[in-house]
Amino acid sequence: VSQLPGVMNAFSGLQSEVVKDGALSAKTKGIMMVGIAVALRCEYCISKHVSEAVRLGATREEIMEAVSTAILMTGGPAIAYGSAVVLKNLDELGI
């Protein structure tokens, strides 16, 4: 994506604005993004958002609860991504 610096700068600015503390804390938004990444079945997104949620102070239990919400909303595919991909990332982070 280095070939699209304008797009990436704009996206980065949007992300910074959305993720900052507001009515919802940055940590809560980070946890939500894990659930959304699982629902979308995006391994790259899962890796990034699990790591970011942990950096913002999310616990393994909080992250897995977000995964359970994704499973409810999307069914079987979320079970595979939530149990395999998210857990692999949490294990790699030592959480």
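Heads up: the structure comes first, above all this text.
All residue numbers here refer to positions counted from 1 along the written sequence of the relevant chain. With pLDDT at 70 or above as the cut-off, local features in this predicted model cover only qualifying residues; side-chain atom pairs require 80 or more to be listed or tallied, and sums for whole chains, interfaces and linings still use all residues. Side-chain metrics rest on all non-hydrogen atoms present in the structure, leaving aside hydrogens and water.

Enquirer: Teacher, can you tell me more about the state of the cysteines here?
Expert: What we call a disulfide is simply a covalent bond connecting the sulfur atoms of a pair of cysteines. The disulfide criterion is simple: two cysteine sulfur atoms within 2.5 Å. In this structure the tally under the stated criterion is 1 disulfide. What pairs with C42 in a disulfide is C45, and their sulfur atoms sit 2.3 Å apart. An S-S torsion of about 65° defines the bridge between C42 and C45 as right-handed.

Enquirer: Explain helix α2 (residues 26-40) to me, please; I cannot follow it from the model alone.
Expert: In an α-helix, one full turn covers 3.6 residues, which means residues spaced three or four apart are oriented alike. Each helix is a run of DSSP H or I of at least 4 residues and each strand a run of E of at least 2, with the numbering of both proceeding from the N terminus. An expected span of 1.5 Å times one less than the residue number is assigned to each helix. Along its 15 residues, α2 runs 21 Å from first to last C-alpha, staying within 8% of the 21 Å computed at 1.5 Å per residue. The cut-offs for exposure are 20% and 50% of the maximum accessible area for each residue type, with area from a 1.4 Å probe on protein chains only; residues under the lower value are buried, those over the upper are exposed, and the others partly exposed. Three or more residues of α2 are buried, namely A26, K29, G30, I31, M33, V34, G35, A37 and V38. On its buried face, α2 sits against α1 (5-19), α3 (43-55), α4 (60-74) and α5 (76-93). In the stretch just after α2, R41 is the one whose phi turns positive, near 60°. For this analysis, residues touch if any pair of their heavy atoms sits within 4.5 Å.

Enquirer: How should the pattern of salt bridges be read in this particular structure?
Expert: Think of it this way: side chains of opposite charge can pair up when their charged atoms draw near. Salt-bridge detection follows one rule: a side-chain nitrogen of Lys or Arg within 4 Å of a carboxyl oxygen of Asp or Glu. On inspection of all chains with the given rule, the structure shows 5 salt bridges. For K88, the salt bridge goes to E92, with nearest N and O atoms at 3.4 Å. Of this pair, K88 and E92 both sit in helix α5, 4 residues apart, which is roughly one turn of the helix. Relative accessible area serves as the criterion here: at 56%, E92 is assigned to the exposed category.

Enquirer: Is there a simple way to think about a nonpolar patch on the surface in this case?
Expert: Together, V1, L4, V7, M8, F11, L14 and V18 line one region of the surface with nonpolar side chains, adding up to about 660 Å² of accessible area. Counting through the fold element by element, V1 comes out in the segment before α1. Patch membership requires more than 30% relative accessible area and the absence of a salt bridge. Residues of like charge join within 9 Å; the nonpolar side chains Val, Leu, Ile, Met, Phe, Trp and Tyr join within 5 Å. Here the accessible surface of atoms and residues is derived via Shrake-Rupley with a 1.4 Å probe, and residues count as covered only by protein chains that are part of the display.

Enquirer: Explain the environment of E17 to me, please; I cannot follow it from the model alone.
Expert: Relative to the helices and strands, E17 is located in helix α1. When the C-alpha positions of E17 and E65 are compared, they lie 25 Å apart, and in sequence the two are 48 residues distant. Polar side-chain contacts of E17 include one of 3.0 Å to the side chain of K20. Two N or O atoms count as a polar contact when they lie within 3.5 Å, although within protein this holds only if one can serve as hydrogen donor and the other as acceptor, and sequence-adjacent residues are included solely when both atoms are side-chain atoms.

Enquirer: Whenever I open this one, the packing of α3 against α5 confuses me. Can you help?
Expert: How two helices sit against one another is set out by the angle between their axes and by the gap between those axes. Packing of α3 against α5 brings their axes to within 10 Å, and their N-to-C directions diverge by 45°. If you check the angle between α3 and α5, you find them oblique. Between α3 and α5 lies a crossing of right-handed hand. The segment α3 lies against α5, with E43, I46, S47, V50, S51 and V54 engaging Y81, V85, V86, N89, L90 and L93. Classification used: nonpolar for Ala, Val, Leu, Ile, Met, Phe, Trp, Tyr, Cys and Pro, charged for Asp, Glu, Lys and Arg, polar for all others including Gly. Looking at side-chain class alone, the contact of α3 with α5 contains 8 nonpolar, 3 polar and 1 charged residues. Angular values range over 0 to 180 degrees, each being the angle between N-to-C directions of two axes fitted as lines to C-alpha atoms, with helices fitted over their stretch in contact. For classification, angles of less than 35 degrees are called roughly parallel, those exceeding 145 degrees roughly antiparallel, those between 65 and 115 degrees roughly perpendicular, and all remaining angles oblique. Helix crossings are classified by the rotation of the near helix relative to the far one: an anticlockwise turn of less than a right angle makes the crossing left-handed, while a clockwise turn makes it right-handed.

Enquirer: Can you walk me through the environment of V86 in this structure?
Expert: Structurally, V86 is set in helix α5. The class for V86 is buried, based on a relative accessible area of 0%. C-alpha separation for the pair V86 and F11, spaced 75 residues apart in sequence, amounts to 24 Å. Excluding residues that lie within four positions of it along the chain, V86 makes contacts with V34, V38, I46, V50, I63, M64, V67 and Y81.

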